[in-house]
Each structure stands twice: as structure tokens, then as C-alpha cells.
Amino acid sequence: MTTTRPRKNLLLLSVAALALLSTTPLLTYAQDAATADIVEDDVTDLGDVIGDAMGDITEGLDEEVVDLDDAAAASAEESSESEEAATVDDATATADETTTTAESTAEATAESKTDEQTQPQAEEEEEATPPPAQTGPFIDLFGEVLLSLEMVDETHAQVHQHYTNEVLSGKKVVGLYFSADWCGPCRQFTPDLVNFYDKMNARRGKKDEFEIIWVSRCRDVDSFGQYFTHMKWLALPPQEAMGQRGQYLGEKFKVKSIPTLVLLDEIGNVITLDGRNKIPMDKAGVGFPWRSPMSVLVSTLFPRSFRLLVKSQIAGVLEKAKAVLGGAARGGGAAR
């Protein structure tokens, strides 16, 4: 529209100019005729023509101005509508982002709560898991739990608990070491025993087949902990070692003094009660564990399972014999 209007205006201006040029002969004619009325009439007609032409031009210009104003108003309305639409879109996008963020936060919170609830349940399940059932000659001797000590640094240590059958699995020789921190000969012998322990467990083909269990004769738990830091092997819990079990083991293996080292085979039979004196005489461990010829023959001819079965049956027979003898003795006393 804006291109057509100027062309129309130029056309109207051209017509007006031609009209002015065409009046020249009329003016000449008016002068020659000297007739004022004719000239006046012609001039009046010319004024009408010019007036009409100028009116058309003004009207065209007015229409052009109106058209431009309408176009500007329409453009402003479109721009306003676009801005409103963009604002609505932005608001919608912001609302969507807020909703998404809220949903993500809610999901993360729910997952966190679920994890927090699951962790205590898992811990409770672990605590509720019963210890494995353990049987065998070592359980009868040492109980179900043995301790080990790990040095965290030069001044701190951590004590670990182990199931007896698991930690003694695969051991061919098990030593019982009766010792205390207040005993001078014990403090002298313990470093030698540590070296011997490392040497025997490093032998080719017999690696880690030797284990020692310390039966403490310390007077309190603090002394037990301090003295345990000088050892590399296992120990009875202090309350067990300083209680009835420690006393039972001392009596069973005829411990008269400390230090004493008793060596047992893989099913708990005694190899020697005098390991304390054999180590200084055989520091290289050439004859370790110093089995008797009969013991070597039996362990060679019969597997561990058979020897363990025979031992359990003999133990059962002995228990029955003790019960019978005890009953007979009580009966005899009552008869008197």
C-alpha cells in the first residue's frame, strides 16, 4: 500500500501542472479581448480546477496518513500480542521448570529417606545374624572366639575377633603359649618365639601352617593389651584366659611354670609339652614340631578325619567311664 499512494500523488501533481500550462492561451485571449468578465470567469474556472486538484491531493495525503497510522497501530498490536504470548510462554516454561525441580527434589528426598531407612535395617539384619555353629576339639579347648591384634600406628592398635574353627583351618601345628607381662623369663623368651614363629611359617611347602594361641597370665586387661602388642599370633579373650578356661587349660596340660609352650597337632592331640626348651636347642626348627616316632607313624598312616573320629569315640568312652566310676563312688559312700 505504501508504494501505490506516492505514485498517485505524483500523478495528481502532474495533472495540476498541465492544467496551469493550459490556462496560458486563455489569459492571452483575455488580454486581447479586453473583456474583464470573460477573464474573471476563466480565472474562476481555473481556481475551481486547481482547488479540485489540491483537494484530491490533500485527500490522498490524508488517506496515506491514516493508512500509516493504521499500520503503526496494527504493528503495535501485533508486537503487544507477541510480547504477551512470549510472556505467557516464559511463565509456562518457568512453571514447568519449577515443577520439574520440585519433582526432582521430592524424588531425591524420598530416595535419601529410603536409603536412611534401609541402612539401619541392613545393620539390624547383620547384628541379628547368628554366629555359625562350631564343633570340634579346638572349640572344646579354646571356645568359639579368638582374638588378633593389628597395629594401626606406633601408639594405637585394633583388636579383631575370629571364629575359632575358621582361623585355625589348615593349621598343622597349634601352640599354646602361657605367659605374662610381669614374668621376666617370659619377656626374654617372647622375642625369640616371634622370630621362630615367622621362620616356621615362611618355610617352603609349609607356609602358614603354624599358629600360636596366647593364654594370658596377666593380672588385668590393660596389661594384657600392652603385652599383646609384642606378639603376632592369636590369643584367648582376657576374661577367658584369666578365668575358668585358662585354669582348665593349665591343669589339662600340666602347666607348672611360665613361660610354657605346648604344641598340639591338627586334631588337638599333644605333640610336646616342652616347646619352651626345644626352641633354644633347635632354633632353625630342623626337627619341628618334634613329634614322637609313633605320632609320625600314626599321622602318616591315618588321615585327619579318621584320627578325629577315633579321638571323639575314645573321649566318649572315657566320659562314660568317669560317669560310672563317679556313680559307684557316690553309691559306696552312701552305703557306708
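Before reading on, note that the structure itself is shown above.
A short tour of the structure in this document, coming up. Owing to the predicted nature of the structure, the values given are computational and were not obtained by experimental measurement. (Residues numbered from 1 in each chain as written. Predicted model: local features only at pLDDT ≥ 70, side-chain atom pairs only at ≥ 80, totals over all residues. Heavy atoms only, no water.)

With that out of the way, let us pick up the overall build of the protein chain. Each helix and strand counted, the protein chain has 12 helices and 7 strands in total. For the protein chain, buried positions account for 27% of its 336 residues. Taken as a whole, the protein chain presents about 22,200 Å² of accessible surface, with 56% of it coming from carbon and sulfur. (Helix = DSSP H or I, 4+ residues; strand = E, 2+ residues; numbered from the N terminus. Buried < 20%, exposed > 50% of the residue type's maximum accessible area, 1.4 Å probe, protein only. Areas by Shrake-Rupley, 256 points an atom, 1.4 Å probe, with all protein chains shown as cover.)

A word on the side chain of aspartate 282. Among the structural elements, aspartate 282 can be located in the loop between helix 10 (275–281) and helix 11 (293–301). No salt bridge is formed by the buried aspartate 282. Its closest oppositely charged neighbour is arginine 203, at 8.2 Å. A polar contact is formed between the side chain of aspartate 282 and the side chain of tryptophan 290, at a distance of 3.1 Å. Excluding residues that lie within four positions of it along the chain, aspartate 282 makes contacts with Phe196, Gly287, Phe288 and Trp290. (Lys, Arg positive; Asp, Glu negative; His and termini not counted. Salt bridge = Lys/Arg side-chain N within 4 Å of Asp/Glu carboxyl O. Polar contact = N/O pair within 3.5 Å; in protein donor to acceptor, adjacent residues only side chain to side chain. Contact = heavy atoms within 4.5 Å.)

Okay, a nonpolar patch on the surface next. Together, Met294, Leu297, Val298, Leu301, Phe302, Phe306, Val310, Ile314 and Leu318 make up a nonpolar patch on the protein surface, roughly 810 Å² of accessible area in all. If you list the elements that add at least two residues to the nonpolar patch, you get helix 11 and helix 12 (304–335). The exposure class of valine 298 is partly exposed, given its relative accessible area of 32%. (Patch = residues over 30% accessible without salt bridge, like charges linked within 9 Å, V, L, I, M, F, W, Y side chains within 5 Å.)

Our next topic: the pairing of strand 6 (residues 260–264). Counting buried residues in strand 6 gives 5 out of 5 residues, a clear majority hidden from the surface. A two-sided burial pattern is seen for strand 6, the buried positions comprising Thr260, Val262 and Leu264 on one face and Leu261 and Leu263 on the other. Sheet analysis places strand 3 (residues 173–179) next to strand 6, joined by 5 bridges and oriented antiparallel. Residue tyrosine 177 lies in a different strand from strand 6, and its bridge partner there is leucine 261. Sheet analysis places strand 6 next to strand 7 (residues 270–272), joined by 2 bridges and oriented antiparallel. What sits directly across from leucine 264, in strand 7, is valine 270. A loop of 5 residues connects strand 6 with strand 7, the two strands running antiparallel in sequence, and glycine 268 in this loop sits at a positive phi of about 90°. (Pairing = 2+ DSSP bridges.)

This part takes up the nonpolar core. Soluble globular proteins tend to pack their nonpolar side chains together in the buried interior. With 28 residues, the main nonpolar core has Tyr177, Leu193, Phe210, Trp214, Trp233, Leu263 and Phe288 as its most contacted residues. Breaking this core down by element, the ones donating at least two residues are strand 1 (145–151), strand 3, helix 6 (184–201), strand 4 (210–216), helix 7 (221–228) and strand 6. Considering every element that reaches this core, the biggest residue donor is helix 6, with 7 residues. When neighbours within four sequence positions are excluded, leucine 193 is seen to be in contact with Tyr177, Ile212, Trp233, Leu261 and Ile279. (Core = buried A, V, L, I, M, F, W, Y, C linked by side-chain atoms within 4.5 Å.)

The subject of this paragraph is a positive patch on the surface. A contiguous patch of positive charge on the surface is contributed by Lys252, Lys254, Lys256 and Lys322. Note that lysine 252 resides in helix 9 (residues 244–252). Look at lysine 252 and you get partly exposed, because its relative accessible area is 41%. (Charge placed at Lys NZ, Arg CZ, Asp CG, Glu CD.)

Tallied over the full model, the rule gives 4 salt bridges. Salt-bridge contacts for lysine 171 lead to glutamate 211; the nearest nitrogen and oxygen are separated by 4.0 Å. Here lysine 171, found in the loop between helix 5 (164–167) and strand 3, pairs with glutamate 211, found in strand 4; they are 40 residues apart in sequence, far enough to count as distant. The same class applies to lysine 171 and to glutamate 211, which are both buried. In this structure, lysine 172 and glutamate 266 form a salt bridge, with 3.7 Å as the shortest nitrogen-oxygen distance.

Here we take up unusual backbone geometry. Note: most peptide bonds trans; most residues except glycine with negative phi. With an omega of 5°, the peptide bond running from isoleucine 258 to proline 259 counts as cis. Examined against the element boundaries, proline 259 turns out to sit in the loop between helix 9 and strand 6. The peptide bond linking phenylalanine 288 to proline 289 adopts the cis configuration, its omega dihedral lying at 5°. Assignment of secondary structure puts proline 289 in the loop between helix 10 and helix 11. We note that lysine 254 has phi near 55°; this positive angle belongs to a residue other than glycine. Structurally, the position occupied by lysine 254 is in the loop between helix 9 and strand 6. Overall, lysine 254 belongs to the exposed group, its relative accessible area being 59%. Although it is not a glycine, tryptophan 290 sits at a positive phi angle of roughly 60°. For tryptophan 290, the position within the fold is in the loop between helix 10 and helix 11.

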